[in-house]
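Below are the chains, spelled out letter by letter.
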Amino acid sequence: QVQLVESGGGLVQAGGSLRLSCAASGRAFNNYAMGWFRQVPGKEREFVAVISWRGGTIYYADSVKGRFTISRDNAKNTVYLQMNSLKYEDTAVYFCARHSTPFRLSVVERDFDYWGQGTQVNVSS
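One structure accompanies this document, and this report is about it.

Rules and cut-offs
- Residues numbered from 1 in each chain as written.
- Predicted model: local features only at pLDDT ≥ 70, side-chain atom pairs only at ≥ 80, totals over all residues.
- Heavy atoms only, no water.
- Phe/Tyr/Trp six-rings, centres within 6.5 Å; stacked < 30°, edge-to-face > 60°.
- Helix = DSSP H or I, 4+ residues; strand = E, 2+ residues; numbered from the N terminus.
- Buried < 20%, exposed > 50% of the residue type's maximum accessible area, 1.4 Å probe, protein only.
- Lys NZ or Arg CZ within 6 Å of the ring centre and 35° of its normal.
- Polar contact = N/O pair within 3.5 Å; in protein donor to acceptor, adjacent residues only side chain to side chain.
- Disulfide = S-S within 2.5 Å.
- Core = buried A, V, L, I, M, F, W, Y, C linked by side-chain atoms within 4.5 Å.
- Contact = heavy atoms within 4.5 Å.

For any pair of aromatic rings, the description consists of the separation of the ring centres together with the inter-plane angle of the planes. In the structure shown here, the tally under the stated rule is five aromatic pairs. Here F37 and F47 contribute two aromatic rings whose centre-to-centre distance is 5.9 Å and whose plane-to-plane angle is 75°, an arrangement assigned as edge-to-face. Separated by ten residues along the polypeptide, F37 in strand β4 (residues 34-39) and F47 in strand β5 (residues 46-51) bring together distant segments of the chain. The same class applies to F37 and to F47, which are both buried. Ring plane angle 55° and centroid distance 5.0 Å describe the contact between F37 and W115, whose orientation is recorded as tilted. Within this pair, whereas F37 is found in strand β4, its partner W115 is found in strand β10 (residues 112-115), the two being separated by 78 residues in sequence. By the ring-pair criterion, three or more aromatic residues cluster together here, those being F37, F47, F112 and W115. Just above the ring of W115 sits the side chain of R45; from NZ or CZ to the centre is 3.8 Å.

What follows is the structure, encoded as structure tokens:
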């Protein structure tokens, strides 16, 4: 059984930074791409960033490109999302997720099967 636990959310002023972490339990973490998604109440969950199993391939949503950095430490079974130059519109619940298929990469929500409980990020303007 895979469990994902996010941490690091909170309240920050616009222009500030936060670093989210997602700790994964279960085997073979380093065989799966990991992604970050976010959701605002009343809206659909949207893709933020994804990193391949070894970290060699990364994709970002256009809205966060140049401001957010996804990374992973396979020795610690953890994936990170460094968020800089935060904007009010980045306010959301952030979820980490594991891709459903080993050694595959995508940015589509339905391709991810395990999800964390989410961590709230609030950016004040």
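Let's shift gears to the environment of S17. Along the chain, the position of S17 falls in the loop between β2 (10-13) and β3 (18-24). The class for S17 is partly exposed, based on a relative accessible area of 41%. C-alpha separation for the pair S17 and F68, spaced 51 residues apart in sequence, amounts to 9.4 Å. A polar side-chain atom of S17 sits 2.9 Å from a polar atom in the side chain of N84.

Covalent bonding between the sulfur atoms of two cysteines is what defines a disulfide. Under the definition given, this model contains one disulfide. Between the sulfur atoms of C22 and its disulfide partner C96 the distance amounts to 1.9 Å. Where C22 bonds to C96 through sulfur, the torsion about that S-S bond is close to 50°, and the disulfide is right-handed. Separated by 74 residues along the polypeptide, C22 in strand β3 and C96 in strand β9 (residues 92-99) bring together distant segments of the chain.

Next up on the list: unusual backbone geometry. One non-glycine residue, A28, lies in positive phi territory at about 60°. Inspection of the secondary structure puts A28 in the loop between β3 and β4. In the Ramachandran plot, S85 falls in the positive-phi region, its phi being about 50° despite a non-glycine side chain. Mapping S85 onto the fold places it in the loop between β8 (78-83) and β9.

Our next topic: the nonpolar core. Counting 32 residues, the largest nonpolar core has W36, V48, F68, L81, M83 and Y94 as its most contacted members. Elements with a contribution of two residues or more to this core: β3, β4, β5, β7 (68-73), β8, β9 and β11 (119-124). Take this core: its biggest share by element is five residues, from β5. Beyond its immediate stretch of four places on either side in the chain, M83 contacts G16, S17, L18, L20, R67, F68, Y94 and V121.

Another aspect to go through is the environment of Y60. In this structure, Y60 sits in strand β6 (residues 58-60). In sequence terms Y60 and F47 are 13 residues apart; their C-alpha atoms lie 8.0 Å from each other. Setting aside residues up to four positions removed in sequence, Y60 forms contacts with F47, V48, A49, K65, F68, T69 and I70. A distance of 3.0 Å separates a polar side-chain atom of Y60 from the backbone nitrogen of I70.

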